[in-house]
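# Structural overview
One-letter residues, chain by chain:
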Amino acid sequence: MGPEQVTKAATGGAGRRSRRLLGHEVLLVLGLSLGASAIGALIRFSGVLTRPGGLSDQAATLNSSRAPDRPWLDLAWQLFGIATALVPVALVAHLLLRERAEAAGPGLRGIGFDGHRPRFDLAWGAVVAAGIGGSGLLLYLGAHAAGANLTVVPESLPDVWWKMPVLILSAIQNSVVEEVIVVGYLLRRLGQLGWSPMGALVASSVLRGTYHLYQGIGGFFGNVAMGVIFVWLYRRWGRVMPLVVAHALIDIVAFVGYALLAGRVDWLPTA
């Protein structure tokens, strides 16, 4: 074997090792975050299907109290849960920043998770939230009426002073975790692993739908559709921040709106 052949073989072997390491990295990140959530949602949904009664007779609570009669302890648990949920995002940020240091990669700017275009991010995030939030509410109400969705209870926190701030923080945490990991990070890594754009879109969207399966069939398909739109927008803009803003606004309206309207309007399902 000549020198050039040896070099090509070594380069090919290094490339295969690099892709294998990236594949392991993706599995570990997802296993610590939304991949584990997807498996948990599947198990939970299996339990729901085997329980007596229809889907709409059962409830899925998103923000629940950990110590209802001890508000300060409850607040500590709420903040602890929000902070620890963001650890996988910190891990992704570390991996992307290390990639920039070692291989002159773009880092967090490569997925548009930065503050360089605040007006663009806020304006388009608000537009996307208005469109998807309204259609998502209609889809949920229709799926619930058809018996294809559980009754989603966005919050069941006690009426204490920190209730609204915690709900807003929880909404922001959800948006950062989901959009950074399932859109920005996952699409970048799948592209580096040689996935086709369509294959990466399907993987990201189905993953999003699966970890929302605890809400029911309507929640699954609604979030798959949202995932397709978000991937398309991300590829168009090259930025994940407008999606983070949009998702945060959607969840803030859902959480705070439920807290204000539950039991006061006829059209909103309650547990």
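Our subject is the structure listed above.
These numbers come from a predicted model, not from an experiment.

### Quick notes on the packing of aromatic side chains
Counted by the stated rule, this structure contains 5 aromatic pairs. Ring plane angle 85 degrees and centroid distance 5.6 Å describe the contact between phenylalanine 120 and tryptophan 237, whose orientation is recorded as edge-to-face. Separated by 117 residues along the polypeptide, phenylalanine 120 in helix H5 (residues 118-145) and tryptophan 237 in helix H8 (residues 217-237) bring together distant segments of the chain. Ring centres of phenylalanine 220 and phenylalanine 221 lie 5.0 Å apart, and the angle between their planes is 80 degrees; this geometry places the pair in the edge-to-face category. Here phenylalanine 220 falls in the buried class, since its relative accessible area comes to 18%. Taking the relative accessible area as the measure of exposure, phenylalanine 221 reaches 54% and is therefore exposed. By way of ring pairs, the aromatic residues Phe120, Trp124 and Trp237 are connected into one cluster. Seen from the ring of tryptophan 77, arginine 66 lies directly overhead, with NZ or CZ sitting 4.3 Å from the centre. A cation over an aromatic ring shows up here: arginine 117 above the ring of phenylalanine 120, its NZ or CZ 4.1 Å from the ring centre.

### Observations regarding the pattern of salt bridges
Evaluated as defined, the whole model comprises 9 salt bridges. Measuring nitrogen to oxygen at the nearest pair gives 2.8 Å for the salt bridge that ties aspartate 114 to arginine 239. Taken together, the positions of aspartate 114 in the loop between helix H4 (87-103) and H5 and arginine 239 in the loop between H8 and helix H9 (241-261) put the pair 125 residues apart, joining distant regions of the chain. Comparing aspartate 114 with arginine 239, the two get one shared label, buried. For arginine 208, the salt bridge goes to glutamate 179, with nearest N and O atoms at 2.8 Å. In this pair, arginine 208 is assigned in helix H7 (residues 197-210) and glutamate 179 in helix H6 (residues 163-192), connecting sequence segments 29 residues apart. Accessibility expressed as a relative area gives 0% for arginine 208, which makes it buried. Counted as one network, the salt bridges with shared partners bring together Glu25, Glu99, Arg188 and Arg189.

### Quick notes on the side chain of histidine 144
Locating histidine 144 in the fold gives a position in helix H5. Classification of histidine 144 as buried rests on a relative accessible area of 16%. Here threonine 151 takes part through its side chain, which lies 2.7 Å from a polar atom of the side chain of histidine 144. When neighbours within four sequence positions are excluded, histidine 144 is seen to be in contact with Ser56, Asn149, Leu150, Thr151 and Pro269.

The rules behind each value
Residues numbered from 1 in each chain as written. Predicted model: local features only at pLDDT ≥ 70, side-chain atom pairs only at ≥ 80, totals over all residues. Heavy atoms only, no water. Phe/Tyr/Trp six-rings, centres within 6.5 Å; stacked < 30°, edge-to-face > 60°. Helix = DSSP H or I, 4+ residues; strand = E, 2+ residues; numbered from the N terminus. Buried < 20%, exposed > 50% of the residue type's maximum accessible area, 1.4 Å probe, protein only. Lys NZ or Arg CZ within 6 Å of the ring centre and 35° of its normal. Salt bridge = Lys/Arg side-chain N within 4 Å of Asp/Glu carboxyl O. Polar contact = N/O pair within 3.5 Å; in protein donor to acceptor, adjacent residues only side chain to side chain. Contact = heavy atoms within 4.5 Å.

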